[in-house]
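Report on the structure
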Amino acid sequence: MASGVDSDVFEQLAATVERFARERLIPAERRVEEEDEIPEEIVTEMKEMGLFGLSTPEDYGGIGLSVPQEARLIETLCYASLTFRSLIGTNVGIGSQGIVMDGTPEQKEQWLPGVASGDVIASFALTEPDNGSDAGGIRTSAKRDGGDFVINGTKRYITNAVRAGVFTVFARTDADKPGADGVSAFIVPADTPGITVAKPDRKLGQKGTKTSDVIFENVRVPESAIIGGPENLHKGFRTAMKVLDRGRIHVGAMAVGQSQRMLDIATDYALERTQFGKPIGEHQLVQGLIADCQAELHAARALVRASADTFDREGKAIIEASCTKYFCTEAAGRIADRALQIHGGAGYMAEYDIERLYRDIRLLRIYEGTSQIQQLVIARRTLAQRAA
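Quick look at the structure, then. (Residues numbered from 1 in each chain as written. Predicted model: local features only at pLDDT ≥ 70, side-chain atom pairs only at ≥ 80, totals over all residues. Heavy atoms only, no water.)

**Re the overall build of the chain**
Rule in force here: For helices the rule is a DSSP run of H or I covering at least 4 residues; for strands it is a run of E covering at least 2, with both sets numbered from the N terminus onward. Our radius of gyration is a C-alpha quantity, and the globule rule it is checked against amounts to 2.2 Å times the number of residues to the power 0.38. Here, residues are in contact when the closest pair of their heavy atoms is within 4.5 Å. The protein chains shown are the only cover counted for residues, whose accessible areas, like all others here, come from Shrake-Rupley with a 1.4 Å probe. Charge assignment in this entry is limited to Lys and Arg as positive and Asp and Glu as negative, and neither His nor the chain termini are counted. Taken as the charge centre is NZ of Lys, CZ of Arg, CG of Asp or CD of Glu, depending on the residue.
Scanning the chain from terminus to terminus reveals 12 helices and nine strands. Over its C-alpha trace the chain gives a radius of gyration of 21 Å, about what one expects of a compact globule, namely 21 Å for 388 residues. Reported as C-alpha extents along the three principal axes, the dimensions of the chain are approximately 80 × 55 × 40 Å. Pairs at least 24 residues apart make up 75% of the contacts formed inside the chain by residues separated by at least 6 positions. For the chain, the accessible surface area stands at approximately 17,000 Å², while carbon and sulfur atoms represent 50% of it. Of note, the chain has its 45 positive side-chain charges centred 5 Å away from the centre of its 55 negative side-chain charges.

Spelled out as structure tokens, the structure:
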């Protein structure tokens with residue numbers, strides 16, 4: 001796996017991202033919430049900082065961070081609204097990593113430089129209207145027609161689809177093979193005839209994050225569009241799982257960054273708000289809420305870093321990644337709830353940041369594998385290891 005960048009260079013980058021998140025992004029959060037759009041000047045700044053290419057190898061114009069470095073930087077960035085991370089998230093993670101991990105040299109050369117610069121937004125098209133957690137139940141088809149494949153189907157909740165320059169599309173290439181077998185991963189340029197991107201979804205939180213349905217109607221691609229080339233026909237689900245393992249560590253880091261923000265907000269409020277003649281932070285029941293937040297935050301951060309180290313060292317971290325995604329996102333939900341509770345009635349009011357952060361954090365327990373799917377992965381792997 002990638003050894004990452006020099007430690008001194010990384011520390012400089014981390015410090016720059018921290019300043020950017022706190023001084024540039026946080027002041028823009030309310031504007032993003034109201035307009036449901038990230039300002040283009042911020043998009044440009046993120047490109048100039050190289051944030052779209054954090055995980056892309058240096059040979060293809062990226063920064064080439066190791067998994068532990070990426071996790072730490074995402075934690076730092078996610079002190080600000082998760083919406084900003086969503087803009088780069090598909091390029092750093094699920095939208096590009098299939099090409100990085102399994103792509104042919106030609107595919108990498110064609111797509112990764114644009115992805116790293118942010119000039120090409122990469123989008124990951126796996127979920128369907130009838131298949132979310134059951135990714136092996138993919139119905140989108142890719143039928144061979146001579147040297148080409150013709151793709152038909154609908155993908156749902158596709159992040160950054162409206163901005164996408166390229167999609168990684170998972171489609172069934174063998175209708176006779178059940179479940180995950182018979183699924184292939186295709187690199188499909190967004191301007192390929194037959195692709196329609198629906199209007200963005202309206203969501204509970206994370207305003208400014210764009211998800212949409214993507215409809216494929218007789219979309220023709222050559223067999224060379226299969227990630228890894230024709231020899232990887234029917235092997236796309238393996239690519240998806242490798243991508244999602246790394247992505248789950250990434251989501252854990254997001255949860256840690258946002259949890260730190262919510263704890264800081266709640267602690268500041270507890271120091272400022274007075275009841276019964278003293279700051280509420282001096283009341284033991286409020287202190288209990290703060291202590292529980294701090295303990296879970298420390299555990300979550302340690303889990304992210306340990307899992308990232310394992311992935312970087314071994315090239316995989318199946319059970320560790322699922323544990324990370326499950327624990328960190330569930331803990332973030334509890335931290336959000338306690339942080340709002342510390343605010344009392346004020347926490348329910350839109351003028352306080354915690355109201356928005358409380359809505360935003362809820363999505364983390366759903367995408368890239370729900371908490372219940374993580375439980376299944378963890379339990380089944382644990383049982384299998386003991387039975388072996």
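Past the structure itself, the notes keep going.
**A short note on the nonpolar core**
Spelled out, the test is: Only buried Ala, Val, Leu, Ile, Met, Phe, Trp, Tyr and Cys residues count toward a nonpolar core, and they belong to the same one when joined by side-chain atoms within 4.5 Å. Buried, partly exposed and exposed residues are distinguished by accessible area as a fraction of the type maximum, computed with a 1.4 Å probe on protein chains only: under 20%, between the cut-offs, and over 50%, respectively.
Met46, Leu54 and Phe84 are the most contacted members of the largest nonpolar core, which has 68 residues in total. Residue assignment for this core shows that the elements contributing at least two residues are α1 (7-25), α3 (40-48), α4 (67-77), α5 (82-92), α8 (236-272), α9 (284-314), α10 (318-343) and α11 (353-361). Considering every element that reaches this core, the biggest residue donor is α8, with 12 residues. Every residue in contact with methionine 46, bar those within four places of it in the chain, is listed here: Phe20, Leu51, Phe52, Phe84, Leu87 and Ile88. With 23 residues, the next largest nonpolar core counts Ile94, Ile99, Val100 and Val183 among its residues.

**Quick look at empty space enclosed by the protein**
Stated formally: A cavity, in this analysis, means grid points on a 1 Å lattice covering only the protein atoms where a 1.4 Å probe fits yet has no way out; a pocket is instead an open set bounded by protein on both sides within 12 Å along at least five of seven lines, and a residue lines either one if it has an atom within 4 Å of a point. Grid points are joined across faces, edges and corners, and a volume is the space filled by probe spheres set on the points. Ten residue types, Ala, Val, Leu, Ile, Met, Phe, Trp, Tyr, Cys and Pro, are classed as nonpolar, four, Asp, Glu, Lys and Arg, as charged, and the remainder, Gly among them, as polar.
The full count for this structure, using the stated rule, is three cavities of 30 Å³ or more. In this structure, the largest cavity encloses a volume near 50 Å³. Lining the largest cavity are Glu29, Val32, Glu33, Ser81, Thr83, Phe84, Gln206, Lys207, Arg356 and Asp360. Residue assignment for the lining of the largest cavity shows that the elements contributing at least two residues are α2 (29-35), α5 and α11. Considering each element in turn, the lining of the largest cavity owes the most residues, three residues, to α2. Of the residues in the lining of the largest cavity, the class split is two nonpolar, three polar and five charged.

**Side note on the environment of glutamine 374**
Here glutamine 374 is to be found in helix α12 (residues 371-387). Setting aside chain neighbours within four positions, we find glutamine 374 in contact with Arg248, Ser322, Lys325, Tyr326, Glu368 and Gly369.

**Here's the deal with the pattern of salt bridges**
Put simply, the rule reads: What makes a salt bridge here is a side-chain nitrogen of Lys or Arg within 4 Å of a carboxyl oxygen of Asp or Glu, nothing more.
Scanning the entire structure with this criterion turns up 32 salt bridges. Glutamate 75 serves as the salt-bridge partner of arginine 301, at 2.8 Å between the closest nitrogen and oxygen. Separated by 226 residues along the polypeptide, arginine 301 in helix α9 and glutamate 75 in helix α4 bring together distant segments of the chain. With a relative accessible area of 15%, arginine 301 lands in the buried category. The buried category is assigned to glutamate 75, whose relative accessible area is 12%. Glutamate 296 is the salt-bridge partner of arginine 334, the closest N and O atoms lying 2.5 Å from each other. Here the residue arginine 334 occupies a position in helix α10, and glutamate 296 occupies one in helix α9, the gap between them amounting to 38 residues. Of the residues examined, arginine 334 reaches a relative accessible area of 32% and is grouped as partly exposed. Since its relative accessible area comes to 13%, glutamate 296 is described here as buried.

**With respect to the pairing of strand β2 (residues 141-145)**
Cut-off, in case you're wondering: Strand pairing follows a simple DSSP-based rule, namely that at least 2 bridges must link the two strands.
Summarising the sheet, β2 and strand β3 (residues 148-159) pair through five bridges and their orientation is antiparallel. Note that in β3 the partner of arginine 144 across the bridge is phenylalanine 149. Hairpin remark: β2 followed by β3, antiparallel, with two residues in the connecting loop; positive phi at glycine 146, about 70°.

**Points about α12**
Where we set the bar: Given a helix with a known number of residues, its expected span is that number minus one, times 1.5 Å. In this description, the arc belongs to the directions extending from the helix axis to the C-beta atoms.
Taking 1.5 Å per residue as the helical rise, α12 with its 17 residues ought to reach 24 Å, and the 24 Å between its terminal C-alpha atoms agrees with that figure. Listed as buried for α12 are Ser371, Gln374 and Ile378. Along the axis of α12, the buried positions cluster into a sector of 55°, meaning they face one direction only. Exposed residues lying more than 90 degrees from the buried face of α12 are Gln372, Arg380, Leu383 and Ala387. The secondary structure elements touched by the buried residues of α12 are α8 and α10.

**Details of the environment of asparagine 232**
Turning to its location among the elements, asparagine 232 is positioned in the loop between β7 (211-222) and α8. Judged by its relative accessible area of 18%, asparagine 232 is buried. Along the backbone, asparagine 232 and serine 184 are 48 residues apart, and their C-alpha atoms lie at a distance of 7.4 Å. Contact partners of asparagine 232, with chain neighbours within four places excluded, come to Asp102, Ser184, Ile226 and Ile227.

**Observations regarding the packing of aromatic side chains**
Under the convention used in this document: Classification of ring pairs rests on two measures: the distance between centres of Phe, Tyr or Trp rings, Trp counted by its six-membered ring, which must be within 6.5 Å, and the angle between planes, read as stacked under 30 degrees, edge-to-face over 60 and tilted in between. Definition used: whenever NZ (Lys) or CZ (Arg) falls within 6 Å of the ring centre and also within 35 degrees of the ring normal, the charge is taken to sit over that ring.
Counting across every chain of the model gives four aromatic pairs. Across from the ring centre of tyrosine 79, 3.8 Å away, lies the NZ or CZ of arginine 22, which sits over that ring. In this structure, arginine 261 packs its charged tip against the face of tyrosine 79, placed 5.9 Å from the ring centre.

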